[in-house]
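Structural overview for review
Now for the letters of each chain:
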Number of protein chains: 2
Amino acid sequence: MSTSTPVAAKTVREAAEAARVAAARLAATTGAERDSALRAIAGALTDRAPEILAANKRDMDDARAAGRPQAVLDRLAVSDCQLAGLTDMTRGVAAMADPVGTVTSGSVLPNGLEVRQIRVPLGVVGMIYEGRPNVTVDAAVLCVKSGNAALLRGSSAARHTNAALIAVMRDAVAETALPADAIQGVPGDTHASVTELMALRGLVDVLIPRGGRELIETTVREAAVPVIETGVGNCHVYVDEHTDMERALSILINAKTQRPSVCNAAETLLVHEAVAPAFLPRALAELARHGVTVHGDARVLAAASAVPSAAGEPVVVAATEEDWDREYLAADIAVAVVDSLDSAVEHIRRHGTGHTEAIVTESQSAARRFVLALDTAVVAVNASTRFADGGELGLGTELGISTQKLHARGPMGVIALTTTKYVLVGDGQIR
Amino acid sequence: MSTSTPVAAKTVREAAEAARVAAARLAATTGAERDSALRAIAGALTDRAPEILAANKRDMDDARAAGRPQAVLDRLAVSDCQLAGLTDMTRGVAAMADPVGTVTSGSVLPNGLEVRQIRVPLGVVGMIYEGRPNVTVDAAVLCVKSGNAALLRGSSAARHTNAALIAVMRDAVAETALPADAIQGVPGDTHASVTELMALRGLVDVLIPRGGRELIETTVREAAVPVIETGVGNCHVYVDEHTDMERALSILINAKTQRPSVCNAAETLLVHEAVAPAFLPRALAELARHGVTVHGDARVLAAASAVPSAAGEPVVVAATEEDWDREYLAADIAVAVVDSLDSAVEHIRRHGTGHTEAIVTESQSAARRFVLALDTAVVAVNASTRFADGGELGLGTELGISTQKLHARGPMGVIALTTTKYVLVGDGQIR
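Conventions adopted
Residues numbered from 1 in each chain as written. Chains lettered and ligands numbered in written order. Predicted model: local features only at pLDDT ≥ 70, side-chain atom pairs only at ≥ 80, totals over all residues. Helix = DSSP H or I, 4+ residues; strand = E, 2+ residues; numbered from the N terminus. Rg over C-alpha atoms; globule rule 2.2 N^0.38 Å. Buried ≥ 20, exposed ≤ 12 C-beta atoms within 10 Å, placed from the backbone. Contact = placed C-beta atoms within 7 Å. Nonpolar A, V, L, I, M, F, W, Y, C, P; charged D, E, K, R; others polar. pLDDT = per-residue confidence, 0-100. Pairing = 2+ DSSP bridges. Axes fitted to C-alpha atoms, helices over the stretch in contact; angles between N-to-C directions. Parallel < 35°, antiparallel > 145°, perpendicular 65-115°, else oblique. Left-handed = near helix turned anticlockwise from the far one by under 90°. Least-squares fit on C-alpha atoms with pLDDT ≥ 70 in both. Domains from an automatic or database assignment. Arc of directions from axis to C-beta. Core = buried A, V, L, I, M, F, W, Y, C linked by C-beta atoms within 7 Å.

In terms of helices and strands, chain A carries 14 helices and 16 strands. Taken over C-alpha atoms, the radius of gyration comes to 24 Å for chain A, in line with the 22 Å a tight globule of 431 residues would show. On the principal axes, the C-alpha backbone points of chain A span a range of 70 × 70 × 35 Å. For chain A, with 431 residues in total, the buried portion stands at 55%.

So this is what it looks like as structure tokens:
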């Protein structure tokens with residue numbers, strides 16, 4: 001294996017042009033060749049773990065020296081165990097079916113012309129992301145699997161880690177039938193390089209921003225390149241009139257507390273008034289036990305008076321109008337009592353972000369109505385909102401969760417990185 | 001049936017808000033209800049033909065008075081026969097399978113959670129178009145079929161025709177289970193109303209511009225609402241080394257001359273040098289016979305000297321560098337001799353617009369290489385480029401041909417007007 005040589009200094013445009021050339025070569029590779037490159041990447045991530053971890057230590061030292069908060073350090077850290085997880089993920093994606101060439105529809109016209117619509121790679125995929133360096137590997141692996149060239153722009157805080165990961169993956173790919181330029185970092189650490197990337201319409205086929213609301217909104221507003229938006233999740237759990245209480249409690253606690261910092265965590269609980277007297281006291285007690293602050297409406301505040309407080313602290317604070325729209329990403333939840341399923345649907349239509357909504361109900365017709373009425377990427381019946389996740393849903397890993405409606409909606413895996421091509425085969429048809 | 005009452009004066013935003021309300025109702029309709037509304041529209045287009053034709057006469061009179069060119073008048077005219085065609089199209093779309101609710105993928109996770117991805121309407125579809133009033137009916141019909149509310153903005157030259165068509169369709173829909181606001185014209189005749197429409201992100205789910213390059217580029221550049229781009233077609237016909245000459249000739253003449261003004265007409269002919277001596281003289285003579293001006297490279301000019309000229313006019317003029325990039329939409333074609341299939345691919349990669357490319361060949365491996373190598377919406381083997389058409393490909397009718405890669409590529413029918421929703425059904429799953 002070649003030693004890791006730094007990529008020659010390039011402009012962002014030159015990197016994109018190299019990616020375009022690589023994309024044309026990638027489009028002609030077989031699935032076996034791409035899977036073989038993925039297994040080479042998996043092997044290299046293991047074999048060269050020490051240099052990746054050393055690079056990560058440099059980033060961590062820099063971040064500590066800069067006085068970054070612990071949450072940032074947590075996101076930045078790459079452990080042995082996480083690296084092993086990335087290796088496993090890469091092998092898992094290699095073992096998945098090839099999306100490229102899949103026939104999505106086909107027929108023979110009355111005149112004998114054969115029509116097929118097949119999946120093909122998008123071409124050049126630009127990824128702009130913050131925080132976790134695992135996105136570098138997730139994005140590269142999904143791009144290689146789907147025959148796309150990846151242009152990766154992580155946060156400058158992770159610059160050494162990302163550079164090491166990209167060098168390791170490039171070297172691994174270079175030993176296979178694929179071009180090393182299938183995976184490239186975007187040159188330059190400054191915002192100017194991001195601005196330049198966003199302008200390369202025609203060279204870059206799609207940009208996927210993954211990170212905070214500001215990053216996403218800036219990209220959507222400023223990019224000339226088409227953008228797939230990964231969005232904010234103000235996810236609701238609605239506990240319906242006819243509900244198994246234990247089930248509702250365990251779904252609520254999982255959705256809110258299992259990992260509050262992610263977009264598929266629950267942010268609002270809606271409770272049907274018929275079950276509120278029985279359910280609310282138990283729910284409030286459980287939420288308090290898990291350290292969750294409840295922002296409740298008047299009826300929730302009333303119910304809270306019956307709940308014993310652990311340390312004399314209020315279990316519930318009064319919800320403001322803003323609480324119904326907040327994505328806390330923390331140990332907070334807004335809670336309201338609603339007088340019907342339709343009121344719950346209305347509330348979610350007004351305040352939801354089209355990410356993931358859950359209903360807990362024993363009523364088949366209530367479930368059906370909830371699923372049909374809500375315009376959202378994911379709707380869950382009697383299951384946690386946390387299943388809105390590419391890994392959970394069998395996509396191998398994910399590039400993010402799209403809350404837009406065009407092209408891809410919900411957890412995005414390799415399919416979101418493909419487009420289609422109509423192939424018409426005839427024997428001289430003109431009519 | 002109610003008489004045609006003009007829509008009460010509204011702002012563009014009010015119309016979009018009414019469309020949003022209609023979209024929520026449409027999402028809950030059944031396919032049978034939507035097909036019944038389509039049959040009501042088909043009936044009304046026949047029953048109320050006189051008032052539609054009278055409105056069209058007003059537009060035609062206005063256009064003649066304004067001294068519009070004949071090509072504009074041709075596009076503006078609606079005949080009895082065209083109206084009958086729209087009625088037939090509407091009935092045909094009503095008879096097609098319902099795209100809404102189609103399960104596009106599904107599985108059961110190891111923990112028993114059922115996962116389905118289903119097609120759902122986009123919501124509110126805005127259409128901005130020029131010229132032909134038939135687009136008013138095409139767009140409304142495809143929107144109703146797919147459960148979307150349509151906001152239609154045709155050209156001001158067709159204002160009376162479009163208003164009559166929309167009034168007739170709204171009245172028909174109002175007599176069914178669907179809300180009349182499923183179909184609305186965008187209020188206002190000025191460009192300000194288009195600008196307002198383009199800003200309504202969150203109210204309008206997608207904008208589809210259909211018309212000239214300027215309209216499309218303006219919409220892509222200025223709209224805050226997501227746009228599906230319908231694009232320019234610089235379509236190539238490549239005549240390969242091993243080719244049935246008769247077949248190549250008939251495909252060339254059909255692709256170029258059957259309807260030169262449309263985006264799937266051929267604009268460039270590439271001929272492999274091995275067949276150029278035999279093929280070019282016949283091709284040039286046939287093109288001349290059909291009144292097509294050839295813009296040829298040096299080798300084509302040389303071949304032309306052997307072709308008898310009809311009226312002493314030159315059969316071939318020298319191609320400029322710009323000719324390889326032109327979408328003539330007229331009786332002109334650029335012609336070049338290439339030394340290999342790879343050269344043809346390179347030429348198309350450089351000059352093509354990703355619309356439709358055709359190869360005429362008897363070689364299986366040449367066909368395979370051409371299909372794989374070109375990054376284009378449609379690729380045709382031994383068939384005319386003119387088959388890149390929603391009607392031809394069985395979509396009922398089309399909203400336009402997308403040359404972008406995200407969401408929809410190639411001829412767009414009802415599927416392009418849908419998005420998907422993940423539906424997860426469990427019995428309390430949290431892990």
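Let us now look at unusual backbone geometry. Residue and element names in this part refer to chain B. A positive phi angle, near 50°, is found at L329, a position not held by glycine. Along the polypeptide, L329 turns up in the loop between β10 (316-318) and β11 (332-338). Looking at L329, the number of C-beta atoms within 10 Å reads 16, which means it is partly exposed. Even without being glycine, N382 reaches a positive phi, approximately 55°. Along the polypeptide, N382 turns up in strand β13 (residues 378-383). Judged by the 23 C-beta atoms lying within 10 Å of it, N382 falls in the buried class.

In this section: the interface of chain A and chain B. Listed per partner, the contact involves 48 residues of chain A and 48 residues of chain B. Counting only elements with at least two residues in the side of chain A that touches chain B, the list comes to α10 (245-257), α14 (364-373), β13 (378-383) and β16 (418-429) of chain A. Looking at the side of chain A that touches chain B element by element, the count peaks at 11 residues for β16 of chain A. Of the residues belonging to the side of chain A that touches chain B, the class tally is 25 nonpolar, 16 polar and seven charged.

Next up on the list: the confidence of the model for chain A. Residues and elements named next belong to chain A. Averaged over all residues, the pLDDT of chain A equals 92, while 96% of them reach at least 70. Confidence drops under a pLDDT of 50 for residues 1-7, and excluding neighbours within four residues, the segment shows nine contacts in the predicted structure. Prediction confidence for the complex, expressed as pTM and ipTM, is 0.90 and 0.91 respectively.

On to the pairing of strand β6 (residues 206-210) of chain B, then. All names here are of chain B. For β6, the tally of buried residues reaches five of five residues, placing the bulk of the element in the interior. Covered by surrounding structure in β6 are V206, I208 and R210 together with L207 and P209, the residues of both alternating faces. Examined bridge by bridge, strand β3 (residues 124-129) and β6 share five bridges and lie parallel to one another. Within β6, the position partnered with V125 by the bridge is V206.

Attention now moves to the packing of helix α6 (residues 134-145) of chain A against helix α7 (residues 159-174) of chain A. Residue and element names in this part refer to chain A. Orientation of α6 relative to α7, taken along the N-to-C sense of each, is 30°, at an axis distance of 9 Å. On the basis of their axis angle, the class for α6 and α7 is roughly parallel. Note on packing geometry: the crossing formed by α6 with α7 is right-handed. In contact with T136, V137 and A140 of α6, α7 contributes N162, L165, I166 and M169. Looking at the contact of α6 with α7, its residues break down into five nonpolar, two polar and no charged.

Let us now look at the sheet that holds β16 of chain A. Strand order in the open sheet formed by 10 strands is β1(A)-β2(A)-β16(A)-β13(B)-β12(B)-β7(B)-β8(B)-β11(B)-β9(B)-β10(B), and the pairing between neighbours is mixed. The outermost strands of the open sheet, each flanked by one partner alone, are β1 (103-108) of chain A together with β10 of chain B. Geometrically, the sheet is characterised by an average inter-axis angle of 25° between neighbouring strands, direction not taken into account. Looking at chain direction, strand β2 (residues 114-121) of chain A and β16 of chain A are connected through eight bridges and run antiparallel.

With that settled, consider helix α14 (residues 364-373) of chain B. The complete set of buried residues in α14 of chain B reads A366, A367, F370, V371 and A373 of chain B. Residues of α14 of chain B that are buried make contact with β16 of chain A together with α13 (341-351), β12 (356-360) and β13 of chain B.

The operation relating chain A to chain B is a screw motion whose rotation component is 180°, with 0.0 Å of axial translation and a residual RMSD of 0.0 Å. Taken together, the rotation angle and the small translation identify this as a two-fold axis. When C-alpha distances to the rotation axis are compared across chain A, the minimum falls at H407 of chain A, with a value of 1.7 Å. The share of interface residues of chain A whose copies in chain B are also at the interface is 100%, consistent with both copies meeting through the same surface.

A few words on the pairing of β1 of chain A. The buried fraction of β1 of chain A amounts to zero of the six residues, a small share that puts the element mostly on the outside. Between β1 of chain A and β2 of chain A, which pair antiparallel one after the other, the connecting turn spans five residues, and G112 of chain A there sits at a positive phi close to 95°.

What follows is about the sheet that holds β13 of chain A. The 10 strands are arranged β10(A)-β9(A)-β11(A)-β8(A)-β7(A)-β12(A)-β13(A)-β16(B)-β2(B)-β1(B) in an open sheet whose pairing can be described as mixed. Because the sheet does not close on itself, it has two edges, and the strands there are β10 (316-318) of chain A together with β1 (103-108) of chain B. Between one strand and the next, the sheet's axes are offset by a mean angle of 25°, whatever the strand orientation. Pairing geometry for β13 of chain A and strand β16 (residues 418-429) of chain B, over five bridges, is parallel. Bridge pairing in β16 of chain B places A383 of chain A opposite Q429 of chain B.

Take the domain arrangement of chain A next. Residues and elements named next belong to chain A. Looking at chain A, the domain boundaries give domain 1 (12-230 + 408-425) and domain 2 (235-392). Once you take the C-alpha centre of each, domain 1 and domain 2 turn out to be 35 Å apart. Taken together, the contacts link five residues of domain 1 with five residues of domain 2.

Residues and elements named next belong to chain A. Turning to helix α13 (residues 341-351), its buried residues number three or more, namely L341, A344, V345 and I348. All buried residues of α13 lie within an arc of 100° about the axis, which places them on one face of the element. Looking at α13, the residues exposed on the side facing more than 90 degrees away from the buried face are D342 and R350.

Among the nonpolar cores identified, the biggest contains 279 residues, and I41, A150 and L151 of chain A together with I41, A150 and L151 of chain B are the most heavily contacted of them. With nine residues, the single largest contributor to this core is helix α7 (residues 159-174) of chain B. Every residue in contact with A150 of chain A, bar those within four places of it in the chain, is listed here: V125, M127, A139, A140, C143, A182, I183 and Q184 of chain A.

Within the secondary structure, N254 of chain B sits in helix α10 (residues 245-257). Exposure remark for N254 of chain B: the 22 C-beta atoms within 10 Å place this residue in the buried category. Between the C-alpha atoms of N254 of chain B and V103 of chain B, which are 151 residues apart in sequence, the distance is 39 Å. Once you skip the residues sitting within four places of it in the chain, N254 of chain B turns out to touch I430 of chain A together with S384 and R386 of chain B.

Before going further, it helps to examine the environment of R75 of chain B. Residue and element names in this part refer to chain B. By secondary structure assignment, the location of R75 is in helix α4 (residues 70-76). With 18 C-beta atoms packed within 10 Å, R75 lands in the partly exposed category. Those residues within four positions of R75 in sequence are excluded, and the remaining contacts are G131 and R132.

Position of L113 of chain A relative to the elements: it lies in the loop between β1 and β2. On a C-alpha basis, the gap between L113 of chain A and G428 of chain A in space is 8.9 Å, while along the polypeptide they are 315 residues apart. Beyond its immediate stretch of four places on either side in the chain, L113 of chain A contacts L424, G426 and Q429 of chain A together with A383 and F387 of chain B.

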